[in-house]
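# Summary of structural features
In case you want the letters, here they are:
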Amino acid sequence: MAPSESFKVPSSILIVGSGVFGLSTAWSLCKNPLFENTSITLVDRQPFPCPDGSSIDTSRIVRPDYADAAYTSLASSAQALWRTTFAPSFYHENGLCITASGLEQTYVSSSYDNVCALGSCRVQKLKNEEEIKQVCGTERASGTVGYVNWSSGWADAEGSMCWLCKQVEARNRVHFITDTVKKLVIDHSTNTVAGVQLTSNTTLTAALTILAAGAWTPSLLDLRGIAKATGQVLIYLPLTSTEQAHLGSLPTILNLSTGLFAIPPSHNLLKIARHGYGYTNPVTIPHPTSTNSSETITISLPHTHIDNRTQCVPSEGLTSCLSFLSHIHPTLSTRSIQSSRICWYTDTPTGDFLITHHPTFKGLFVATGGSGHAFKFLPVIGDKIVECVMGRTPDEFKGRWEWPEKRVSDEEWVGDGSRGGPVGMVLQEETEKGALERGSKL
Ligand SMILES: Cc1cc2nc3c(=O)[nH]c(=O)nc-3n(C[C@H](O)[C@H](O)[C@H](O)COP(=O)(O)OP(=O)(O)OC[C@H]3O[C@@H](n4cnc5c(N)ncnc54)[C@H](O)[C@@H]3O)c2cc1C
């Protein structure tokens, strides 16, 4: 796509973050002849693959099943690549069964309509628990209404990210650096970002800095009312090879009333997680871009097993995942889990991504706001980010991916209608209520 008339190709681009948003942007830039003379640097606080990044895990659902037709269409274009040229050995098309505990969960019916409208999906409506149970191959049904889309699947997240990293490295265009960005380098007299300062006290300069630091992005830029980190629970259950062979061929199960889901196991591990409102982790930090050094802001930021090696999932979250497991697979419910984890979404008020030039700071672009659903777009999101860098936001995402006109208070965050489970939980409070040890039984 041709850039907008005002766009000038930057001589240097610095990307902060090697997750889905950052790595795919690097990939798109090094394929695009327009940027052949641009130097590209990617910095991450962790060596690749980042152990606590939200893009690195055993699995991620790949689905065009969205209540919003624009994301259905974008996911469908990503899926066409997953099926063919993009990390195909890491993509598995087992189907996805989306259920709810009642018709009031309207995401399910809108999503059904959108995938049917695509015309290319093998979709089957499920009218009752018996039909759901049969399709999912579970001992009990995960909901009372729903549908299965046999054309949806899942990807090995770490495997496909490593595959993409190799593609990027093979181009020999991107300079990878492992260091933590402490802050943006800003010339406040011209409101221009000239790069970043690292914790090692070196400075990286660039004509354009792209912040793609996932749930940590709000520590580098004031995103209050625009994006925040929410912690989501995951548990991994060990399986025998016989169980792996059986469950490995079944569809992913997602109940949108509770947010609980189970992705088909791989490497003898079954993953249960919750697509919920999550935990916030409020911390007070110096304002990241203020000229007043005593100004502070209070925001939610990730707290991970890298920050605290003994971090446990709060018992509330663990119990929720284990109850789901014991409901759908009662015979597995007495087994000890292998591990648990809190993984951090970068939520926005509407669930839309934030892919935009900064409205005030020249030389700064933001690519984040994955809102718990960006992984599936790995094959295409870098190209979309570069289009937005060039001033060509796709029409269907104009006013949605762009810098919002107003900051929204927490109570007004409507989301995209896909979340289930408890609202308003704070990580520390839930942890203090009691964290069950890893390996606990229900
Ligand atoms: C539990 C869970 C389940 C999910 N399930 C699905 C799913 O089924 N399907 C789907 O499509 N999507 C899913 N998602 C969403 C998807 O994984 C995310 O939207 C996507 O991975 C976000 O990528 P990112 O690049 O924004 O963040 P990340 O992958 O977290 O990358 C950010 C990077 O920035 C680096 N960084 C942060 N701060 C700094 C700093 N100061 N200096 C240098 N580097 C820094 C971090 O180390 C990290 O590597 C899920 C997410 C989670 C957490």
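The rules behind these values
Residues numbered from 1 in each chain as written. Predicted model: local features only at pLDDT ≥ 70, side-chain atom pairs only at ≥ 80, totals over all residues. Heavy atoms only, no water. UniProt positions renumbered as here; feature names shortened; annotations may be inferred. Near = heavy atom within 4 Å. Helix = DSSP H or I, 4+ residues; strand = E, 2+ residues; numbered from the N terminus. Nonpolar A, V, L, I, M, F, W, Y, C, P; charged D, E, K, R; others polar. 1 Å grid on protein atoms, 1.4 Å probe; cavity = no way out; pocket = protein on both sides within 12 Å on 5 of 7 lines; lining within 4 Å. Points joined across faces, edges and corners; volume = space filled by probe spheres on them. Core = buried A, V, L, I, M, F, W, Y, C linked by side-chain atoms within 4.5 Å. Buried < 20%, exposed > 50% of the residue type's maximum accessible area, 1.4 Å probe, protein only. Contact = heavy atoms within 4.5 Å. Phe/Tyr/Trp six-rings, centres within 6.5 Å; stacked < 30°, edge-to-face > 60°. Lys NZ or Arg CZ within 6 Å of the ring centre and 35° of its normal. Expected span 1.5 Å × (residues − 1). Pairing = 2+ DSSP bridges. Axes fitted to C-alpha atoms, helices over the stretch in contact; angles between N-to-C directions.

Labelled according to an unreviewed UniProt entry, the protein appears under the name FAD dependent oxidoreductase, originating from Amniculicola lignicola CBS 123094. Recorded in UniProt for the protein, the comment headed Sequence similarities (unreviewed entry) runs: "Belongs to the MSOX/MTOX family." Its UniProt record gives the protein the following Cofactor (unreviewed entry) comment, quoted word for word: "FAD".

The next point concerns the site of the ligand. In the vicinity of the ligand, 32 residues are found, and the nearest of them are D44, S55, I61, C343 and K376. At the level of elements, α1 (20-31), β3 (60-62) and β21 (339-347) are the ones that each hand at least two residues to the shell around the ligand. Ranked by residue count, the leading element in the shell around the ligand is β21, at three residues. Looking at the shell around the ligand residue by residue, the class counts come to 16 nonpolar, eleven polar and five charged.

Turning our eyes to something else, we now look at empty space enclosed by the protein. Inspection of the entire model under this criterion finds three cavities of 30 Å³ or more. In this structure, the largest cavity occupies an estimated 80 Å³ of space. Lining the largest cavity are C136, L247, L250, P251, I253, A262, I263, P264, P265, L270 and H329. When residues of the lining of the largest cavity are assigned to their parent elements, the largest contribution, four residues, is made by strand β16 (residues 260-266). When the residues that make up the lining of the largest cavity are grouped by side-chain class, the tally is ten nonpolar, one polar and no charged.

With that out of the way, let us pick up the nonpolar core. Counting 72 residues, the largest nonpolar core has F21 and W82 as the members making the most contacts within it. With residues up to four places along the chain from it excluded, the contact list for W82 reads V62, A87, P88, Y91, A155, S160, F375, K376, L378 and P379. Counting 34 residues, the second-largest nonpolar core is a separate cluster that includes A141, V233, A262 and I272.

This part covers the packing of aromatic side chains. A complete count under the given rule lists 15 aromatic pairs for this structure. Aromatic side chains Y71 and F397 sit 4.9 Å apart centroid to centroid with 55° between the ring planes, which places their arrangement in the tilted category. Taken together, the residues span a long stretch of sequence, with Y71 in helix α2 (residues 69-82) and F397 in the loop between α8 (378-389) and β24 (425-426) at a distance of 326 residues. Relative accessible area serves as the criterion here: at 3%, Y71 is assigned to the buried category. With relative accessibility at 1%, the residue F397 sits in the buried group. Between W82 and F86, the aromatic rings sit 5.2 Å apart at their centres with planes inclined by 80°, giving edge-to-face as the arrangement. Directly above the aromatic system of Y66 lies the positively charged group of R63, at a separation of 4.3 Å from the ring centroid. One cation-aromatic arrangement involves K228 over W413; the distance from NZ or CZ to the ring centre is 4.3 Å.

Relative to the elements of secondary structure, G143 occurs in the loop between α4 (129-136) and β7 (145-149). Sequence-wise, G143 and G153 are ten residues apart; in three dimensions their C-alpha atoms are separated by 20 Å. Every residue in contact with G143, bar those within four places of it in the chain, is listed here: T99, A100, E129, I132 and N255.

Locating T346 in the fold gives a position in strand β21. Residues in contact with T346, not counting those within four places in the same chain, are G214, A215, A227, K228, T368, G369, G370 and S371.

For the rest of this paragraph, the subject is α8. In this model, α8 (twelve residues) spans 17 Å end to end at C-alpha, consistent with the 16 Å of a helix rising 1.5 Å per residue. Here α8 lies mainly inside the structure; ten of its twelve residues are buried. Of all the positions in α8, only L378, P379, V380, I381, G382, I385, V386, E387, C388 and V389 are classed as buried. Structurally, α8 contributes buried residues whose contacts are with α1, α2, α5 (157-171), β13 (208-211), β22 (354-357) and β23 (364-368).

Here we come to the sheet that holds strand β2 (residues 39-44). Spatially, six strands are ordered β9-β2-β1-β13-β23-β22 in an open sheet, and the strand pairing comes out mixed. Each having just a single partner strand, β9 (174-178) and β22 make up the two edges of the open sheet. Averaged over all pairs of adjacent strands, the angle between strand axes in this sheet comes to 15°, irrespective of strand direction. Its contacts with the sheet put α8 on β13, β22 and β23, and the angle it makes with β22 is roughly 30°.

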